[in-house]
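Residue-level structural notes
Listed here are the chains, written in short residue letters.
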Amino acid sequence: MELELTALDDHLVDHDVDGYLIDADSTDPNQRYLSGFDAPDPFLTCYTPDGLAVLVSGLEYSRAVTESRADTVKRPTDYDRRRLLSEYGPTEATHRINSAFLADCGVDSVFVPDRFPLSTADGLREQGHTVSVDTDDVLMDIRAVKHADEIDHIRAAQRANETAMAAAESLLAAASIDNDRRLSHEGKPLTSERVKHEIEATLLEDGYGLDSTIVAGGAQAADPHDRGSGPLQADEAIIIDIFPQDKTTGYHADMTRTFCVGEPSETISEWYALTERALDAALGAVEAGASGADVHAAACEVYEDAGLPTFRTDPSTETGFIHTTGHGVGLAIHEQPRLGTEGGELEAGQIITVEPGLYDPDVGGVRIEDIIVVTEAGYENLTDYPRDVVVD
């Protein structure tokens, strides 16, 4: 993938800074994006308008030469590491190697992300470099607009996501209901953990993984980030939120559906209908040039017109619509842009989730989430999964 980094070039020129430096492993989205390299241990990536260089361990050197985007690949032995260790010890030797690496890049001053390691920053300063935090986080803004191949990666992740969601729904559909309205499967209680295992195993078969997923029923579903645990009940809403990551490309997808085995309560049915309306209203507000705040307002208005609280009308409410309407997705599961009261202008090529919901511990929770691409005229929905709440 060829990166378009004109905005980063301009940012460096505008602030009279020589380069942009990252010290992180590839789980850091900015590192993975800029270097194009997947490595489990931290390494340095230095970008200047003249080129990209990485400083990696000897263990990763050969892979970095063939797999990274770097024009130049360096390793500590290129800077007489053995002598530096002997003269200065490991900490200062590392600082001196890092400084020599920047010198090779023609860099005296660097911008770094706000979570840059303090030891690395202090060590470079001791060696005479100027290190400043990029408070504008320009690289995150650049990452927010996806290239065609990034969109394809996320589209593929969403197909895998839907296969996993179907496996979970099938498990719910095959469940039986005992006299206490508890769900069981093959003679054992059907638990959140069992459904999560089905999801994770299905994703793994397709080359995707996730650190966790949400299968939360009843009162647990009233907390949007409760992962869910224990036996599942009939007649209650069960929120399933899956956000897998491609083990090869690093890109995520994200989707939520709410299911009910048995007969949902009148309130759950009403909430589901409202949430589907809120989702459609929010989707209808999406287009390049609209703001994340516009999309959030469209969802909020549906709930507010129905007399339900939202954070927009009552920032202290603990029930109702108690989160933003969505977020960007890419190498991170939560990235720019934001669909909330402070959400900025949307751009074509951004990939966002739209996920309104309602929550109350006395009722449970309902959430529906699609993942879409912003276009000039509206959006392309990458989600192709039914919204039916009652499991047949």
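Everything below is about the structure shown above.
I will try to describe carefully the structure that is included in this document.

**Describing the sheet that holds strand β14 (residues 255-259)**
- Here 3 strands make up an open sheet; going across it, the order is β11-β12-β14 and the pairing antiparallel. Taken across any chain shown, the strands that pair with only one partner, and hence form the sheet edges, are β11 (214-217) and β14. Across the sheet, the mean angle from the axis of one strand to that of its neighbour is 10 degrees, orientation sign disregarded.
- Two elements, β11 and strand β12 (residues 238-242), share 4 bridges in a ladder whose sense is antiparallel. Paired with Ile-214 across the strands is Asp-241, a residue of β12.
- Most of the contacts of helix α7 (residues 148-173) go to β14, to which it runs at about 15 degrees, and overall it touches β12 and β14.

**Focus on the packing of aromatic side chains**
- Within the structure shown, the criterion is met by 2 aromatic pairs.
- In this structure, Arg-75 is placed above the aromatic ring of Tyr-61, and the distance from its NZ or CZ to the ring centre is 3.8 Å.
- Between Arg-96 and the ring centre of Tyr-88, over which it is positioned, the NZ or CZ distance is 3.9 Å.

**Brief notes about the side chain of Asp-370**
- Considering the arrangement of structural elements, one finds Asp-370 in strand β20 (residues 370-374).
- At 3.0 Å, the side chain of Asp-370 and the side chain of Asn-381 are in polar contact.
- Non-local contacts of Asp-370, meaning those with residues more than four positions away in its chain, are made with Arg-257, Leu-279, Leu-283, Ile-352, Thr-353, Val-354, Asn-381, Thr-383 and Arg-387.

**As for the packing of α7 against helix α8 (residues 192-205)**
- One can describe the packing of α7 onto α8 by two numbers: an axis separation of 9 Å at closest approach and a directional angle of 145 degrees. At the point where α7 passes α8, the crossing takes the right-handed sense. In this structure, α7 contributes Ala-160, Asn-161, Thr-163, Ala-164, Ala-167, Ala-168, Leu-171 and Leu-172 to the contact, and α8 contributes Arg-194, Val-195, Glu-198, Ile-199, Thr-202 and Leu-203.
- Per-class residue counts for the contact of α7 with α8 are 9 nonpolar, 3 polar and 2 charged.

**Some details on the pairing of β12**
- Within β12, 5 of the 5 residues are buried, which leaves it mostly tucked inside the rest of the structure.
- Residues Ile-238, Ile-240 and Ile-242 point to one face of β12 and Ile-239 and Asp-241 to the other, with burial holding for every one of them.
- Pairing of β12 with β14 involves 5 bridges; the strand directions are antiparallel. When the bridges of β14 are listed, Ile-242 appears paired with Met-255.

**Some details on the packing of helix α9 (residues 266-284) against helix α10 (residues 292-305)**
- The contact between α9 and α10 brings their axes to 8 Å, and the two run at 150 degrees. With respect to each other, α9 and α10 are oriented roughly antiparallel. For the element pair α9 and α10, the recorded crossing hand is right-handed. Touching Leu-274, Thr-275, Arg-277, Ala-278, Ala-281 and Ala-282 of α9 are Val-295, Ala-298, Ala-299, Val-302 and Tyr-303, all from α10.

**Things to note about unusual backbone geometry**
- The step from Gln-336 to Pro-337 runs through a cis peptide bond, and the omega angle for that step is 0 degrees.
- Tracing the backbone through its elements, the reader meets Pro-337 in strand β16 (residues 335-339).
- In the Ramachandran plot, Asp-16 falls in the positive-phi region, its phi being about 55 degrees despite a non-glycine side chain.
- Within the secondary structure, Asp-16 sits in the loop between α1 (6-14) and β1 (19-24).
- Look at Asp-137: it is not a glycine, yet its phi comes out positive at around 50 degrees.
- Along the polypeptide, Asp-137 turns up in the loop between β6 (130-133) and α6 (138-144).

What counts as what
Residues numbered from 1 in each chain as written. Predicted model: local features only at pLDDT ≥ 70, side-chain atom pairs only at ≥ 80, totals over all residues. Heavy atoms only, no water. Pairing = 2+ DSSP bridges. Helix = DSSP H or I, 4+ residues; strand = E, 2+ residues; numbered from the N terminus. Axes fitted to C-alpha atoms, helices over the stretch in contact; angles between N-to-C directions. Contact = heavy atoms within 4.5 Å. Phe/Tyr/Trp six-rings, centres within 6.5 Å; stacked < 30°, edge-to-face > 60°. Lys NZ or Arg CZ within 6 Å of the ring centre and 35° of its normal. Polar contact = N/O pair within 3.5 Å; in protein donor to acceptor, adjacent residues only side chain to side chain. Left-handed = near helix turned anticlockwise from the far one by under 90°. Nonpolar A, V, L, I, M, F, W, Y, C, P; charged D, E, K, R; others polar. Buried < 20%, exposed > 50% of the residue type's maximum accessible area, 1.4 Å probe, protein only. Parallel < 35°, antiparallel > 145°, perpendicular 65-115°, else oblique.

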